[in-house]
Amino acid sequence: MLPASLSADLTRWRRDFHRHPELGFCEFRTAATVAATLAQHGWQVAAGAEVMRAEARMEVPPLAEINAARAEALRDGADPVWVARLGAGLTGVVGTFDTGRPGPTVAFRVDLDALPVRESTDATHVPARENFLSTRPGRMHACGHDGHTAIGLGLAVTLPALAKNWRGKIKLIFQPAEEGCRGAKSMVAAGVLADVDFYFATHLGISLTETGAVSCGTDHILATTKLDATFRGTAAHAGVDPHLGRNALLAAATATVQLHAIARHGAGASRVNVGLLEGGSGRNVIADRAVLKLEVRGETTPICQWMAVEAERVLRAAAAMHAVEVAIENMGEAGSAPCDDAARAIVRRAAEKSGATRITEFSPLGGSEDATLMMDAVQARGGSATYLLVGTPLPAGHHHPRFDIDEAALLRAVALHTAIVREILATP
Ligand SMILES: [Zn+2]
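All figures in this text were calculated on a predicted structure; none of them were measured in a lab.

A. Seen up close, the sheet that holds strand β9 (residues 289-298). Taken in spatial order, the four strands of this open sheet run β8-β9-β7-β10, and their pairing is antiparallel. Either end of the sheet is taken by a strand with one partner, and the two such strands are β8 (270-279) and β10 (325-334). Pairwise comparison of adjacent strand axes, ignoring direction, gives a mean angle of 15 degrees for this sheet. Its contacts with the sheet place helix α8 (residues 248-259) against β7 (223-232), β8 and β9, and it is angled at close to 15 degrees to β9.

Below, the structure written as structure tokens:
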């Protein structure tokens, strides 16, 4: 049985996170709150460099931005001891609860970050009407991760008491920077998934817009890699000394055309897109700098990886052709991990037992999600993983200024996840 006060707690936590949205790798207040709550309820807590490899993070904000976010979190009452543990943008936290009896390890992924979206103050928007709007101009929890974090805290508070008769271990993985697929890789690289047998990533809403509905898995996920390429050449006067210049813009333009000429893969769908190309400084100057932003996608992780290798080859060849330098930076990554039958069957049984009103096997995820990198890691070691959805009506779509969730879905999610753990760890 879940404690009677839990529903009110979930709403209170969600609204507190909603009022204090933090962007990827800057989730100091959120992560410190999570770590303190886990520690208070008997979880073994690992945080910061213990659960993230710094160099495997992607598109990390400038240090000044991270430092400003840390100062803001401390001003807003974040526990300085936990904040210190989170270093310069290592805002991941993992709670482990060991029953002390041998058995499997179950892990849940919870994402922490908000979006650079300006929240609507329209009177029809519930956070405006009930006075818990974002207090940070230009930042908003517009994807429901405030709800996810509240669900994570709900599990942190309730599972230890229930686990008295269970076996194995429970892991709550609080991941920074899901938006842009930038944070999961660093947690996989730090070995957070190395002992996980069953893995569940959860999202509110997406394509499931009815409170009480549960989708055991998702499909239509494309693996993706985002790359930035910076070409550097030599500037020269375009009239006097064009032969002394090395044209970075021309190299980037060559790369753009040839990237779109990468052969299609016979094993499944692939994508490539150069979405931004800029360079040069003026009409009469040979361009010494150009930047190109691209992404590749694939129906499977290997197809996406093949596309990324081909893209890198084209970028380097274009640079060599025009005798300029190119620096390639990985800005985001996600896999295509399929949702396993075994994990989906567990969600189905748990959904039935926890009072779900409608259960579907698959719903489309659309887009990309870096929880798939964690799923890949678990599946690679023979474990079972799925990406499940908990239904909520959505007054506006994800990432919209009027996005909101039905808070009644939070208690349902805690009940569902508790039932999932019980399915796996309850001793016969
Ligand atoms: Zn999201």
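Back to the text.
B. How the structure looks around the domain arrangement of the protein chain. Segmentation of the protein chain into domains returns domain 1 (6-221 + 337-425) and domain 2 (223-334). Taking the mean C-alpha position of each, domain 1 and domain 2 sit 35 Å from one another. With 12 residues of domain 1 at the contact, the number on the domain 2 side is eight residues. Residue contributions to the side of domain 1 that touches domain 2 peak at three residues, all from helix α11 (residues 371-380). Here the residues of the side of domain 1 that touches domain 2 sort into three nonpolar, three polar and six charged.

C. Region of interest: helix α2 (residues 28-40). The end-to-end C-alpha distance of α2, which contains 13 residues, comes to 18 Å, matching closely the 18 Å that a straight helix rising 1.5 Å per residue would cover. Among all positions in α2, only F28, R29, T30, A31, A32, T33, V34, A35 and L38 are buried. Downstream of α2 by a residue or two, G42 has a phi angle that is positive, lying close to 85 degrees.

D. Structural context of the sheet that holds strand β6 (residues 213-219). If you trace the eight strands from one edge of the open sheet to the other, you get β1-β2-β4-β3-β5-β12-β6-β11, paired in mixed fashion. Strands at the two margins of the open sheet, each flanked by one partner only, are β1 (44-47) and β11 (358-364). This sheet shows a mean twist of 25 degrees between the axes of neighbouring strands, independent of strand direction. Where β6 and β11 come together, six bridges link them in parallel fashion.

E. Focus on helix α9 (residues 301-321). Compared with the 30 Å implied by 1.5 Å per residue over 21 residues, the 30 Å span of α9 between its first and last C-alpha is a close match. Those residues of α9 that fall on the buried side of the exposure criterion are T301, I303, C304, M307, A308, A311, V314, L315, A318 and A319. All buried residues of α9 fall inside an arc of 155 degrees around its axis, so they share one side. What points out from α9, more than 90 degrees from its buried face, is the exposed set R313 and A320. Along its buried surface, α9 packs onto β7, α8, β8, β9, β10 and α11. Looking one or two residues past α9, A323 carries a phi angle of roughly 55 degrees, positive in sign.

Conventions we followed
- Residues numbered from 1 in each chain as written.
- Predicted model: local features only at pLDDT ≥ 70, side-chain atom pairs only at ≥ 80, totals over all residues.
- Pairing = 2+ DSSP bridges.
- Helix = DSSP H or I, 4+ residues; strand = E, 2+ residues; numbered from the N terminus.
- Axes fitted to C-alpha atoms, helices over the stretch in contact; angles between N-to-C directions.
- Contact = placed C-beta atoms within 7 Å.
- Domains from an automatic or database assignment.
- Nonpolar A, V, L, I, M, F, W, Y, C, P; charged D, E, K, R; others polar.
- Expected span 1.5 Å × (residues − 1).
- Buried ≥ 20, exposed ≤ 12 C-beta atoms within 10 Å, placed from the backbone.
- Arc of directions from axis to C-beta.

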